[in-house]
Amino acid sequence: MAYQAPLMTSTNIRARPFTLMGWDSSDSDRQAQVYEALTAAATAACKWNNYRWWFMRKDSTFPTVSGTASYDLTTVNSNAMADMDYPTSVWWQHSTTSRARLDLISFDEYADRAEAQTTGATSTAYALYGGNFYLHPEPNAVKTISVYYMRKHGLINATTAATDFIIPGEFHRPLYVDGACWLLRHATVDPMALYQSPAFV
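Computed from a predicted model, the values in this text were never measured in an experiment.

Scoring rules and cut-offs
Sequence order as written defines the numbering, with residues in each chain counted from 1. In keeping with the model being predicted, local features are shown solely for residues with a pLDDT of at least 70 and side-chain atom pairs are shown and tallied solely at 80 or more, while totals for entire chains, interfaces and linings include all residues. Side-chain numbers here rest on the full set of heavy atoms in the structure, without hydrogens or water. Per the convention used, a helix needs a DSSP run of H or I reaching at least four residues, while a strand needs a run of E reaching at least two, with both numbered from the N terminus. Here the globule rule reads 2.2 Å times residues to the power 0.38, and the radius of gyration is calculated from C-alpha atoms. Each residue's exposure class comes from its accessible area (1.4 Å probe, protein chains only) as a fraction of the maximum for that residue type: buried when under 20%, exposed when over 50%, partly exposed otherwise. Between rings of Phe, Tyr and Trp, where Trp is taken as its six-membered ring, a pair exists when centres lie within 6.5 Å; planes separated by under 30 degrees are stacked, by over 60 edge-to-face, and by other angles tilted. Placement of a positive charge over a ring is assigned whenever Lys NZ or Arg CZ falls within 6 Å of the ring centre and within 35 degrees of the normal to the ring plane. For the purposes of this analysis, a disulfide is any pair of cysteine sulfur atoms at a distance within 2.5 Å. The definition of a nonpolar core used throughout is a set of buried Ala, Val, Leu, Ile, Met, Phe, Trp, Tyr and Cys residues joined through side-chain atoms within 4.5 Å. The contact criterion used throughout is that any non-hydrogen atoms of two residues lie within 4.5 Å. Axes, fitted as lines to C-alpha atoms, cover a helix only where it is in contact. Angles between the N-to-C directions of the axes lie from 0 to 180 degrees. When the near helix sits turned anticlockwise from the far one by under a right angle, the crossing is termed left-handed; a clockwise turn instead gives a right-handed crossing. Polar contacts, as used here, are pairs of N or O atoms within 3.5 Å; protein pairs need one atom able to donate a hydrogen and one able to accept it. Residues neighboring in sequence count only if both atoms are side-chain atoms. When DSSP finds two or more bridges between two strands, those strands count as paired.

A. Region of interest: the overall build of the protein chain. Regarding its fold elements, the protein chain presents 4 helices and 10 strands. Sequence-ordered secondary structure for the protein chain, helices as α and strands as β, is α-α-β-β-β-β-β-α-β-β-β-β-β-α. In terms of C-alpha radius of gyration, the protein chain reaches 21 Å, well past the compact-globule figure of 17 Å for 201 residues. Dimensions of the protein chain, computed from the C-alpha atoms along their principal axes, are close to 65 × 40 × 30 Å. Relative to its 201 residues, the protein chain shows a buried fraction of 39%.

Structure, rendered in structure tokens:
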């Protein structure tokens, strides 16, 4: 039977670096250092060599509003995409059996197009800017937009929910804990510094 690394709870992940570093877990300065290092290690793992890791993939939807081109993806609906790093594809739902992929354009191009044509029955392109999602042409009906995206790892602190530790359980110890301890021992919280860690690489 193949070896399987023991899974760690979110409490274990937060507590283990204090033990390994020999630090007092009630020291607020040390807490800040450990949480920052854990976040950096998680960021490094999730962005390693720009791989599109399977556990980073996610999808969601949101409804358009007639006459509205801009949507804040962190609050657009109950499927808010505050954890989105970047979209991999975006689709416009024509009907229950038909949909079309939208083209990604720059915000400058979106602004130029919006000057020439503001509304249309079907949006054909989208732009991202300042945390907002812009559709062009501006939809003139309620439709569903499907977004497939790569998510980002959030900050780790004392109240981070277990579900926010998105790296699979078998990698918790080497990526979260060992990565964070390496950063702490080398007095850095630069995620890219982990390229120098033989164990992490």
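And the narrative resumes.
B. Looking closely at the packing of aromatic side chains. By the definition in use, this model includes 14 aromatic pairs. Pairwise contacts between aromatic rings join Y51, W53, W54, F55 and F171 into one cluster. Over the ring of W23 we find R30, and its NZ or CZ is 3.9 Å from the ring centre. Over the face of the ring belonging to W91 we find R99, whose NZ or CZ atom lies 4.7 Å from the ring centre.

C. Examining the state of the cysteines more closely. Under the defined criterion, the tally for this structure stands at 0 disulfides. The thiol of C181 is not disulfide-bonded; the next cysteine sulfur, from C46, is found 18 Å away.

D. Representation of the nonpolar core within the structure. Residues V34, L38, I167, Y176, L183, L194 and F200 are the most contacted members of the largest nonpolar core, which totals 34 residues. Put simply, the parts of the chain that give this core at least two residues each are helix 1 (10–21), helix 2 (28–47) and helix 4 (172–185). Top contributing element to this core by residue count: helix 2, with 10 residues. Setting aside residues up to four positions removed in sequence, L194 forms contacts with A41, A44, W48, G179, W182, L183, F200 and V201.

E. Layout of the packing of helix 2 against helix 4. The geometry of helix 2 relative to helix 4 is characterised by a closest axis approach of 8 Å and an angle of 120° between their N-to-C directions. The interaxial crossing formed by helix 2 with helix 4 has right-handed handedness. Contacts from Q33, V34, A37, L38, A40, A41, A42 and A45 of helix 2 reach helix 4 at L175, Y176, V177, G179, A180, L183 and L184.

F. Molecular detail of the side chain of T39. Residue placement: T39 occurs in helix 2. In this structure T39 comes out as buried when scored by relative accessible area, which is 12%. Of the polar contacts made by the side chain of T39, one reaches the backbone nitrogen of I156; its length is 2.8 Å. Other than its neighbours up to four places away in sequence, T39 contacts G154, L155 and I156.

G. Focus on the pairing of strand 10 (residues 144–151). Within strand 10, 6 of the 8 residues are buried, leaving the element largely enclosed by the surrounding structure. One ladder, built from 7 bridges, connects strand 1 (residues 57–63) with strand 10; its direction is antiparallel. When the bridges of strand 10 are listed, K58 appears paired with Y149. Judged from the 8 bridges that link them, strand 3 (residues 84–93) and strand 10 form a sheet pairing that is antiparallel. Its bridge partner lying in strand 10, P87 is registered against Y149.

H. The environment of S10, seen in detail. Mapped onto the fold, S10 is located in helix 1. Through-space distance from the C-alpha of S10 to that of F165 is 7.2 Å; in sequence the pair is 155 residues apart.

I. Main features of the sheet that holds strand 7 (residues 125–129). Sheet architecture is open: 4 strands sit in the order 2-8-7-5, paired in mixed fashion. Unpaired on one side and paired on the other, strand 2 (70–72) and strand 5 (103–104) mark the two borders of the sheet. Relative to strand 8 (residues 132–136), strand 2 runs antiparallel, the two being bridged by 3 bridges. Bridge pairing in strand 8 links S70 to Y134. Along the sheet, helix 3 (residues 107–116) makes contact with strand 7 and strand 8, crossing strand 8 at roughly 40°.

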